[in-house]
Amino acid sequence: MSGMRAEDKGITGQWLGLIRAWSVFCRARRAVWVCAVAAAMGLWCLPCAADTARLTLGVGGLSFPSADPDVIPLVEATENPVSVDVWVRGSGSGISNLSCFAAGDLVSGSAVIPIDRVSWVAQGNGFISGVMSKIDSQPVGQWFGKNVNAHGSLSFRLLNSWNYETGFYTQSMTYTLISY
Amino acid sequence: MRKLLVVMAAFAVWVALAGADMPAWGATDQQTLTINATVSAKAKLTLGVAAVNFPDADPDSVPSVAAVENPVSVTVKAQTDGSSTVTLTAQANGDLDSGTDTIDISNVTWTATGAGFVGGTMDTAAQSAGAWTGSGRRDGTFSYLLANSWDYAVGNYSQTVVYTLTAP
């Protein structure tokens, strides 16, 4: 370019700039394409997520009525048995777990009934009986297979005691279904 | 193309080495269940016997006659507010009667054991026999005594005493 006129150098420089820009673009596009292929492989290689998991409880709340601890040492919830439906489609690893976790003890103002006084008895394939906990999630059910269609029930009991103060106690429980 | 093949091969090696440590995704669902429990006020009183008997005795030898059934077990159970007072009272329906003869009911006294239980003297007005704060079960005993006297007319005397347990 040393023997070229100034205007020719300007025109050539512009063309060189365009050529350089196009080269960068082509390399970038190739890189994007390589990454897309790699990501697609990752999606194919990683353990596949289940397409859908659905949990249905027969009621949104339980009620334990007041009772003489001598006559009824174990109070049944009014709503027993509570139906539970677990529905999973497309579980890649074929494992589905249902657990529950209490947000705290049963509370009525300053009065407390420890949440581990509440237990449940499970019916149905894969369903597990247990005791409520505010410390650790408790297993409620486990199923194996790509697709799950489990129907069972949970019957809740409250251990009665003369030591309970009068009041209206309440607490919430979270049931979590996870399918891998 | 060669670069693409290199990338694919490297990724395959990474997948093989990572194995079970690779992150697993999961579909999830959650539901909330609210638990409610009602505890209403209750009171339950249990006496170990339904009757006590004072045997005949020489007033000089046995100035204070103990009931044959002593000590009588007493169990108090209550569910109440944490700051409320649970009370136990005893109230006689009259004097000890044997036909037209009477022995003043105040000649019958009792002693108590157990936290919250108190001794006293029988009366036709309610007398405190125990007091506690809050819910729970309490166990104690009552031992009954009859002040003896040469002034008592012979006979079989009887009277009822009502024990009342209150949990607000």
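Residues numbered from 1 in each chain as written. Chains lettered and ligands numbered in written order. Predicted model: local features only at pLDDT ≥ 70, side-chain atom pairs only at ≥ 80, totals over all residues.

S.K.: I keep staring at the overall build of chain A and nothing clicks. Help me out?
M.R.: Assigned secondary structure in chain A consists of 1 helix and 12 strands. Moving toward the C terminus, one meets the helices and strands of chain A in the order α-β-β-β-β-β-β-β-β-β-β-β-β. Counting the 180 residues in chain A, one finds 24% classified as buried. (Helix = DSSP H or I, 4+ residues; strand = E, 2+ residues; numbered from the N terminus. Buried ≥ 20, exposed ≤ 12 C-beta atoms within 10 Å, placed from the backbone.)

S.K.: Please explain the overall build of chain B as it appears in this structure.
M.R.: Counting its secondary structure elements, chain B contains 1 helix and 12 strands. The N-to-C order of helical and strand elements in chain B reads α-β-β-β-β-β-β-β-β-β-β-β-β. The buried share among the 168 residues of chain B stands at 20%.

S.K.: Just checking my understanding: could you explain the confidence of the model for chain B for this structure?
M.R.: Any region with low pLDDT has predicted coordinates that should not be read closely. Residues and elements named next belong to chain B. Per-residue pLDDT for chain B averages 91, and the proportion of residues at 70 or more is 86%. Taken together, the stretch residues 18-24 has pLDDT below 50 and engages in 5 contacts with residues farther than four places along the chain or on a different chain. Scored as a whole, the predicted complex attains pTM 0.77, and scored at its interfaces, ipTM 0.82. (pLDDT = per-residue confidence, 0-100. Contact = placed C-beta atoms within 7 Å.)

S.K.: Just checking my understanding: could you explain the nonpolar core for this structure?
M.R.: As a rule of thumb, soluble globular proteins bury nonpolar side chains together. In terms of nonpolar packing, the biggest core is built from 35 residues, with Val86, Met173 and Tyr175 of chain A together with Ile35 and Ala37 of chain B touching the most fellow members. Ranked by the residues each element gives to this core, the list is headed by strand S1 (residues 27-39) of chain B, at 5 residues. (Core = buried A, V, L, I, M, F, W, Y, C linked by C-beta atoms within 7 Å.)

S.K.: Please explain the sheet that holds strand S12 (residues 161-166) of chain B as it appears in this structure.
M.R.: Two strands in a sheet stick together by hydrogen bonds in their backbones, pointing the same way (parallel) or opposite ways (antiparallel). All names here are of chain B. With antiparallel pairing, the 3 strands of this open sheet are ordered in space as S10-S5-S12. Two strands close off the open sheet at either side, each with one partner strand: strand S10 (127-133) and S12. Mean inter-strand twist for the sheet, computed between neighbouring axes without regard to direction, equals 10°. Pairing of strand S5 (residues 85-92) with S10 involves 6 bridges; the strand directions are antiparallel. Among the inter-strand pairings, Leu88 is bridged to a residue of S10, identified as Gly130. (Pairing = 2+ DSSP bridges. Axes fitted to C-alpha atoms, helices over the stretch in contact; angles between N-to-C directions.)

S.K.: Just to check I follow, could you spell out the environment of Asp81 of chain B for this structure?
M.R.: Looking at where Asp81 of chain B falls in the secondary structure, it is placed in the loop between strand S4 (72-79) and S5. Residue classification places Asp81 of chain B among the partly exposed positions, given that 17 C-beta atoms sit within 10 Å. Between the alpha carbons of Asp81 of chain B and Val162 of chain B there is a distance of 25 Å; along the sequence they are 81 residues apart. Setting aside anything within four residues of it in sequence, one finds Asp81 of chain B in contact with Glu165 and Thr166 of chain A together with Pro168 of chain B.

S.K.: Please clarify how unusual backbone geometry should be interpreted in this entry.
M.R.: In terms of backbone geometry, most residues other than glycine have negative phi values and most peptide bonds are trans. In this chain, Asn80 of chain A is followed by Pro81 of chain A through a cis amide linkage whose omega measures -15°. With an omega dihedral of -15°, the bond running from Asn70 of chain B to Pro71 of chain B counts as a cis peptide bond. Position of Pro71 of chain B among the secondary structure elements: in the loop between strand S3 (64-66) and S4.

S.K.: What is the right way to read the confidence of the model for chain A from this model?
M.R.: On average, residues of chain A score 85 in pLDDT, and 72% of them reach the 70 mark or higher. Contacts for the low-pLDDT stretch residues 42-48 of chain A, under 50 throughout, to residues beyond four places or in other chains number 9 contacts.

S.K.: Where do I start with the pairing of strand S8 (residues 118-123) of chain A in this structure?
M.R.: Working note: regular strand, side chains alternate between the two faces of the sheet. Residues and elements named next belong to chain A. Taken together, the 6 bridges between S8 and strand S11 (residues 148-159) define a ladder with antiparallel strand orientation. Counterpart to Val121 in the pairing with S11 is Ser155. Hairpin connection between S8 and strand S9 (residues 130-131): a loop of 6 residues separates the two successive antiparallel strands, and Gly124 in this loop has a positive phi of roughly 110°.

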